[in-house]
Amino acid sequence: MKSLTLLFFCLAFYVSGHAQQPINGAYLAKNGDTSHLWLFIDGYSSYIKYKDDAYQCTWGGPFSVHSNSILVDVEYNDKQPDEVGRPKHTGATYSSDEIQLGKLRFTRQEGNQQDLDGLWRITGRQQDGEISNIPRGDRKTIKLLVDGFFQWIAINPAEKGFYGTGGGHYLFQDGQYTENILFFSRDDKRVGASLRFKGELKAEEWHHSGLSSKGDAIYEIWSKEK
């Protein structure tokens, strides 16, 4: 009995030392005029690299935090698609709201928690005045919102497909959702734009309506991705 108790104790110690609790938040590192933004929310992470006037790259997927590395199961990588579908041992270490990755030191940005924080997936869209469901399949558009930062990504992990991304700061207050764009893969000229939408939470769904960055009317429904 004592041997069994000792075995469970050693196993618990091993697990606690090799898999820490997941982290949430927006972490930022600067290297000259280049920003490295790393978002973590609901077990999902996204790494974005951009300059003040130019998007560079992004990659991400489900993650786990270990004592010697942050492990990411890569679902997208627009610069290295061969990484999709494989675990990525980043070598990054996490401690006291800081992440160290090589010479980069990421610091957690001041928390601005809001009701929309989470990992979302678009599941409905209005067309010709009617809401049509978007079936869950390999192709998906997801959106990470955490501590005042947002990023959307259109991907198909099964085909290593990447179709675009954009993100920046967001604010959700009094039924209004505002985005301030910091990076946009399809058109760097969109950087600096501020977009305002109506936003409402209904039965755990996020109803999002207004004008897109192209000026087109949109009505979208987003659901929490699990």
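Higher on the page you've got the structure.
### Overview of the overall build of the chain
Assigned secondary structure in the chain consists of one helix and 19 strands. Against the 2.2 N^0.38 benchmark of 17 Å for 226 residues, the chain shows a C-alpha radius of gyration of 19 Å, consistent with a compact globule. Expressed along its principal axes, the backbone C-alpha trace of the chain runs to roughly 70 × 45 × 40 Å. Scored against the burial criterion, the 226 residues of the chain give a buried share of 42%. Within the chain, contacts between residues at least 6 apart in sequence are counted, and of these 42% link residues at least 24 apart. As displayed, the chain offers around 12,500 Å² of accessible surface, 49% of which is attributable to carbon and sulfur atoms.

### Concerning the packing of aromatic side chains
To describe a pair of aromatic rings, one takes the distance between the centres and the angle between the planes. Here the structure, examined in full by the defined rule, presents 18 aromatic pairs. On the basis of an interplanar angle of 85° and a centroid distance of 6.3 Å, the ring pair of Tyr27 and Tyr94 is categorised as edge-to-face. Taken together, the residues Tyr27 in strand β1 (residues 25-31) and Tyr94 in strand β8 (residues 93-95) connect sequence positions 67 residues apart. Judged by centre distance (5.9 Å) and plane angle (65°), the rings of Trp38 and Trp59 are edge-to-face. In this pair, Trp38 sits in strand β2 (residues 34-41) while Trp59 sits in strand β4 (residues 55-65), placing the two residues 21 residues apart along the sequence. Taking the relative accessible area as the measure of exposure, Trp38 reaches 0% and is therefore buried. Through successive ring pairs, a cluster of aromatic residues spans Tyr27, Trp38, Phe40, Tyr47, Trp59, Phe63, Tyr94 and Phe106. The aromatic ring of Trp59 is capped on one face by Lys88, whose charged end is 4.9 Å from the ring centroid. Over the face of the ring belonging to Trp222 we find Lys143, whose NZ or CZ atom lies 5.4 Å from the ring centre.

### Points about the pattern of salt bridges
For the structure shown, the criterion picks out eleven salt bridges. Taking the shortest distance from any N to any O, the salt bridge between Arg121 and Glu225 comes out at 3.3 Å. With a gap of 104 residues between them, Arg121 in strand β11 (residues 118-127) and Glu225 in the segment after β19 (217-224) connect regions that are remote in the sequence. This pair shows no difference in class: Arg121 is buried, exactly as Glu225 is. Close ionic contact of Glu179 with Lys143 constitutes a salt bridge, the shortest N to O distance being 2.8 Å. Here Lys143 lies in strand β13 (residues 140-146) and Glu179 lies in strand β16 (residues 176-184), a separation of 36 residues in the sequence.

### Details of the environment of Val72
Inspection of the secondary structure puts Val72 in strand β5 (residues 70-73). Expressed as a C-alpha distance, the spacing of Val72 and Ser223, which sit 151 residues apart in the sequence, is 23 Å. Those residues in contact with Val72 that sit more than four places away from it in its chain are Ser45, Trp59, Gly60, Gly61, Pro62, Phe63, Arg86, Pro87, Lys88 and Thr90.

### Re the layout of surface pockets
Counted as a void, the largest pocket has a volume near 620 Å³. Lining the largest pocket we find 25 residues, and of these Trp152, Arg186, Ser212, Ser213 and Glu220 sit closest to its centre. Secondary-structure elements contributing two or more residues to the lining of the largest pocket are β11, β13, β14 (149-156), β15 (161-173), β16, β17 (194-202) and β19. Residue classes in the lining of the largest pocket are distributed as ten nonpolar, six polar and nine charged.

### Quick look at a negative patch on the surface
Taken together, the side chains of Asp33, Asp52, Asp53 and Asp188 present a region of like negative charge at the surface. Under the relative-accessibility criterion, Asp188 is labelled partly exposed at 34%.

### Overview of the side chain of Lys143
Judged by relative accessible area, which is 4%, Lys143 ranks as buried. Side-chain polar atoms of Lys143 contact the side chain of Glu179, separated by 2.8 Å. Sequence-distant contacts of Lys143, that is, excluding residues within four places in its chain, are made with Gly118, Leu119, Trp120, Phe150, Gln151, Trp152, Tyr177, Glu179, Trp206 and Trp222.

About the cut-offs
- Residues numbered from 1 in each chain as written.
- Predicted model: local features only at pLDDT ≥ 70, side-chain atom pairs only at ≥ 80, totals over all residues.
- Heavy atoms only, no water.
- Helix = DSSP H or I, 4+ residues; strand = E, 2+ residues; numbered from the N terminus.
- Rg over C-alpha atoms; globule rule 2.2 N^0.38 Å.
- Buried < 20%, exposed > 50% of the residue type's maximum accessible area, 1.4 Å probe, protein only.
- Contact = heavy atoms within 4.5 Å.
- Areas by Shrake-Rupley, 256 points an atom, 1.4 Å probe, with all protein chains shown as cover.
- Phe/Tyr/Trp six-rings, centres within 6.5 Å; stacked < 30°, edge-to-face > 60°.
- Lys NZ or Arg CZ within 6 Å of the ring centre and 35° of its normal.
- Salt bridge = Lys/Arg side-chain N within 4 Å of Asp/Glu carboxyl O.
- 1 Å grid on protein atoms, 1.4 Å probe; cavity = no way out; pocket = protein on both sides within 12 Å on 5 of 7 lines; lining within 4 Å.
- Points joined across faces, edges and corners; volume = space filled by probe spheres on them.
- Nonpolar A, V, L, I, M, F, W, Y, C, P; charged D, E, K, R; others polar.
- Patch = residues over 30% accessible without salt bridge, like charges linked within 9 Å, V, L, I, M, F, W, Y side chains within 5 Å.
- Lys, Arg positive; Asp, Glu negative; His and termini not counted.
- Charge placed at Lys NZ, Arg CZ, Asp CG, Glu CD.
- Polar contact = N/O pair within 3.5 Å; in protein donor to acceptor, adjacent residues only side chain to side chain.

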